[in-house]
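What the coordinates show
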Amino acid sequence: MTAFTDRQRGFQQQADAEQQRYNQLAIWRLAWFVCSAVAVWLLLIGHQSTWALIASLIGLVVFARMMTWHRAVRRHRDLNRHLVTLNDDEQQRLDRKFTRPETGAAFAPVDHAYAHDLDVFGKHSLFRLLNRTHTHDGAARLAHYLLTPAQPHVIFLRQEAVKALTPHINWRQDFEATAMLNESIGLPTSGLRTWAMGTTLLPAWLNVARFLLPVLTLGLFVSWVMGYVPGLTVLAAIAAHGAVLSPFRHTTKLISEQTHDIAQSLADFADLFRFVESSPGDSIQLADLRKQLKSGQLTASAAVRQLARLVENFNFRRNPYFYLFIGLPTLWDVQYLVALNRWRAQYGPLLADWFSALAEAEALNSLAGFACAHPDYVQPELFEDDAVHVDAQHVAHPLIPPGRAVANSLAFDGLGKTTLITGSNMSGKSTFLRTIGLNVVLAQAGAVVAAQRFVCSPVQVYTSMRTQDSLEENTSSFYAELKRLRTLIQLTQAEPTANATTEQPSSGLPILYFLDEILKGTNSADRHKGAEALIRQLHRTKASGFVSTHDLELGQLGESVDFVANYHFQSDIHEGKVTFDYRLRPGICQSFNASQLMKAIGIEL
């Protein structure tokens, strides 16, 4: 899409202009500081103390205002730079080149039903193709979308929200760019949420002492300055402050450590909440997210910004000079422990829901960004049925660049049915299985799919495609495949349970399986016998799926039973070279290229 390139160029021009303004302001700030200092010095040596004081105050006020202006310009510059990066990333993704480092591997469960075989996570994965999240919770929510088939009504709500967000590219990219302003925005928020649900126990007498003691100490200080009391009296009052703070020293240090790392990102989190509160679109889910971010008259963004100020001010205590001259005399720690307790009591129980809403918005934004980048992809239709139903017209592999991906069509319906795919090496069997599997995963996540038309029913995808041996577990690749097949058989026999996991799903959904080069680790006789037995056994269960094989005899099964359908990919030999068109055709494959490939490397046949 040229739109991303054009946007990248436009934001680069704005970033360059903001950089020029930033440099000019830096010069003006320095010039103002020097001129103010010179003016104050000249007034002082001219014995104009009053005017020197006025000049210094004016100089400080204007300098502070220039600093604020300077920070605002820097923020705009950085936002535009991040927008340049975002649009470059979008352009790269169209060619299936991924510039962001996140692979989602941390969210991949061991022995998941399909994540490893279908490249859901990894260097070249569905997660990297979709991911436009920047918070830890947002990435985890997107991973959950891809790992767990959603209920049809949930899929419908996501589709509606994605459709509403897709045309609002400015809102979506500004949302992302704001999240990129602070790297700590990607840190887990579990510690902050745990802290927010707690409280710091403070004795009741502190509510009086925290006001009374600083006032008395101030009075003693003024009296000392005026010569009414000795300096030891003030020191004794400060020592009393230290005695009051001493029992809470460990608590304040712990809270400071808990909040310091996240404090710098709280203001940016507040901005992200503000984006969600003003999200465009009239979808039900987006309206629910906006509603979720309100608490009475106060919004989540305002409450979190209030917390950001409290935490920032509280952590001034980490500066020893501030603590000695201001923190100790004012009982700073106690003042802010009380304020933070008040905030936690009012908003702490809501914070987890607010972060959940933000994570949901980021995950939906990822799906909307994917849809915007691929206007030719279609929103899938959901066919609510207890059987396995798939109708894929001109469906392509989403991880292959659209210009190179070869589309095929296939439809089947019912339970206990197997689509048998035969074909020569490298002809496209495994890629086709992943094409169907990945698009089913996308459909059940609420995303658009790489097809002209795609209809599917709710299913639990299960794969056995990349079984590998393990020296650690003393497991051969053949036995690893048997373990996967055993799990498949158990799934087809299992009753739905409330505590099912993504590793061993038992959701009551029919199983859609993908078995690549079935039983490839044993001899041809046992392979044929075992594969046919498995297909016949799966026929009697609540499952349907795909099996790829080199076993032509297994293909004969489709001619004797009605629950096996044969399709194939073929290769051609042209001037001694093997060529492929990657087109799916009905029937059993009649051409294989192993002998030609062996000849090509020098084996004399």
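Residues numbered from 1 in each chain as written. Predicted model: local features only at pLDDT ≥ 70, side-chain atom pairs only at ≥ 80, totals over all residues. Heavy atoms only, no water.

In the annotation of an unreviewed UniProt entry, the entry for the protein chain reads DNA mismatch repair protein MutS, and the organism field reads Fibrivirga algicola.

**What about the overall build of the protein chain?**
Selection rule: Only DSSP runs of H or I with at least four residues qualify as helices, and only runs of E with at least two residues qualify as strands; both kinds are numbered from the N terminus onward. Two things to know: the radius of gyration comes from C-alpha atoms, and the globule rule equals 2.2 Å times the number of residues to the power 0.38. The classification of residues rests on relative accessible area computed with a 1.4 Å probe and restricted to protein chains. Under 20% of the type maximum is buried, over 50% is exposed, and intermediate values are partly exposed. Residue contacts follow a heavy-atom distance rule, with two residues in contact if any of their heavy atoms lie within 4.5 Å. Method for areas: the Shrake-Rupley scheme with a 1.4 Å probe, in which residue coverage is limited to the protein chains shown. We treat Lys and Arg as the positive residues and Asp and Glu as the negative residues; His and chain ends play no part in the count. In this description, the location of a charge corresponds to atom NZ of lysine, CZ of arginine, CG of aspartate or CD of glutamate.
Along its length, the protein chain carries 20 helices and 14 strands. Its C-alpha atoms give the protein chain a radius of gyration of 33 Å, more than 25% over the compact-globule value 25 Å for 605 residues. When its C-alpha atoms are laid out on the principal axes, the protein chain stretches across 110 × 55 × 50 Å. For the protein chain, buried positions account for 48% of its 605 residues. Restricting to contacts in the protein chain with at least 6 residues of sequence separation, those with at least 24 account for 77%. Of the roughly 29500 Å² of accessible surface on the protein chain, a fraction of 58% belongs to carbon and sulfur atoms. Across the protein chain, the 54 positively charged side chains and the 54 negatively charged ones have centroids separated by 8 Å.

**Topic: unusual backbone geometry**
Its identity as a non-glycine residue notwithstanding, D119 has a phi of 55°, on the positive side. Although it is not a glycine, Y582 sits at a positive phi angle of roughly 60°. Position of Y582 relative to the elements: it lies in the loop between β13 (577-580) and β14 (585-586).

**Quick word on the sheet that holds strand β10 (residues 543-549)**
Which entries qualify depends on this criterion: Strands qualify as paired when DSSP identifies two bridges or more between them.
The strand order across the open sheet built from six strands is β8-β9-β10-β6-β11-β14, with neighbouring strands paired in mixed fashion. For this open sheet the edge positions go to β8 (460-464) and β14, each flanked by a neighbour on one side alone. Pairing of strand β6 (residues 418-423) with strand β11 (residues 564-569), which is carried by six bridges, proceeds in the parallel orientation. In the sheet register, L420 faces β11, and the bridge partner there is N566.

**Some remarks on the environment of A357**
Position of A357 among the secondary structure elements: in helix α14 (residues 332-373). On the basis of relative accessibility, which here comes to 1%, the residue A357 falls in the buried class. Along the primary structure A357 and L367 are separated by ten residues, whereas in three dimensions their C-alpha atoms are 16 Å apart.

**Focus: the layout of surface pockets**
Rule in force here: Both cavities and pockets are sets of points on a 1 Å grid over the protein atoms alone; in a cavity a 1.4 Å probe fits but cannot get out, in a pocket the set is open with protein on both sides within 12 Å along at least five of seven lines, and lining residues sit with an atom within 4 Å of a point. Grid points are joined across faces, edges and corners, and a volume is the space filled by probe spheres set on the points.
Its boundaries defined by the atoms lining it, the second largest pocket holds a volume of some 520 Å³. Taken together, 24 residues line the second largest pocket, and the ones lying closest to its centre are R100, E102, T133, H134 and G186. Within the residue set of the lining of the second largest pocket, elements represented by two or more residues are α2 (49-94) and α4 (136-147). Among the elements that make up the lining of the second largest pocket, the one with the highest residue count is α2 (three residues).

**A word on the sheet that holds strand β7 (residues 453-456)**
Paired through backbone hydrogen bonds, the strands of a sheet run either parallel or antiparallel to each other. Taken in spatial order, the four strands make up an open sheet running β3-β7-β4-β5, and their pairing is mixed. Each end of this open sheet is capped by a strand with a single partner; those strands are β3 (381-382) and β5 (408-414). The pairing of strand β4 (residues 388-395) with β5 spans six bridges and is classified as antiparallel. The residue bridging V390 from the neighbouring strand is F412, located in β5.

**Quick notes on the side chain of R77**
Just so we agree on the cut-off: Pairs of N or O atoms within 3.5 Å make up the polar contacts considered here, provided that, within protein, one atom can donate a hydrogen while the other can accept it, and that residues adjacent in sequence are counted only when both atoms are side-chain atoms.
Relative to the helices and strands, R77 is located in helix α2. At 3.1 Å, the side chain of R77 forms a polar contact with the side chain of Q19. Aside from chain neighbours lying at most four places away, what touches R77 is A15, E18, Q19 and Y22.

**Points about the packing of helix α8 (residues 206-225) against α14**
If you want to describe how two helices pack, look at the angle between their axes and the distance between the axes. Worth spelling out the cut-off: Working convention: axes come from line fits to C-alpha atoms, limited for helices to the stretch in contact. Angles between N-to-C directions cover 0 to 180 degrees. Crossings are sorted by hand: turned counterclockwise from the far helix by less than a right angle, the near helix makes the crossing left-handed, and turned clockwise it makes it right-handed.
Following both chains from N to C, one finds α8 and α14 inclined at 140°, their axes separated by 10 Å at the closest point. Pair α8 / α14 crosses with left-handed handedness. Residues L206, N207, R210 and P214 of α8 touch α14, and the partners they reach there are V334, Q335, V338 and R342.

**Some words on the nonpolar core**
The following threshold applies: Take the buried Ala, Val, Leu, Ile, Met, Phe, Trp, Tyr and Cys residues and link them wherever side-chain atoms come within 4.5 Å; each set so joined is a nonpolar core.
If you look at the biggest cluster of nonpolar residues, it comprises 132 residues, and the most contacted ones within it are F273, W354, F432, F454, L512 and F546. The leading source of residues in this core is α14, at 21 residues. With residues near it in sequence (within four places) discarded, F454 still touches V378, P380, E381, D391, A392, V395, N439, V440, A443 and V449. Core analysis: the second largest hydrophobic core is formed by seven residues, L83, V84, L86 and M180 among them.

**Considerations on α2**
As a reminder, the rule being used: Expected span, for any helix, means 1.5 Å times one less than how many residues it has.
The end-to-end C-alpha distance of α2, which contains 46 residues, comes to 67 Å, matching closely the 68 Å that a straight helix rising 1.5 Å per residue would cover. Positive backbone phi, approximately 60°, marks R96, located one or two places after α2.

**Here's the deal with the packing of aromatic side chains**
As a reminder, the rule being used: Two rings belonging to Phe, Tyr or Trp (six-membered ring only in the last case) form a pair when the distance between their centres is within 6.5 Å. Interplanar angles under 30 degrees mark stacking, angles over 60 mark edge-to-face geometry, and anything in between is tilted. Consider the ring centre and the ring normal. A charge sits over the ring if Lys NZ or Arg CZ is within 6 Å of that centre and within 35 degrees of that normal.
Counting across every chain of the model gives 21 aromatic pairs. Summarising the aromatic geometry, the rings of F175 and F275 are spaced 5.9 Å apart at their centres and angled 40° between planes, so their arrangement reads as tilted. One end of the pair, F175, is in helix α6 (residues 169-179); the other, F275, is in helix α10 (residues 249-277), and 100 residues separate them in sequence. Considered together, F175 and F275 belong to a single accessibility category, that of buried residues. Clustering of aromatic rings is evident, with ring pairs tying together F412, F432, F514, F546 and F569. Taking the ring centre of Y22 as reference, the NZ or CZ of R77 above it sits at 4.8 Å.

**Some words on the pattern of salt bridges**
Inclusion rule: Definition used for salt bridges: Asp or Glu carboxyl oxygen within 4 Å of a side-chain nitrogen of Lys or Arg.
A full pass over the atoms with the stated rule returns 18 salt bridges. The closest approach of N and O atoms between E18 and R21, which form a salt bridge, is 3.4 Å. In this pair, E18 and R21 are both assigned in helix α1 (residues 2-45), three residues apart and thus about one turn of the helix distant. A relative accessible area of 13% places E18 in the buried class.

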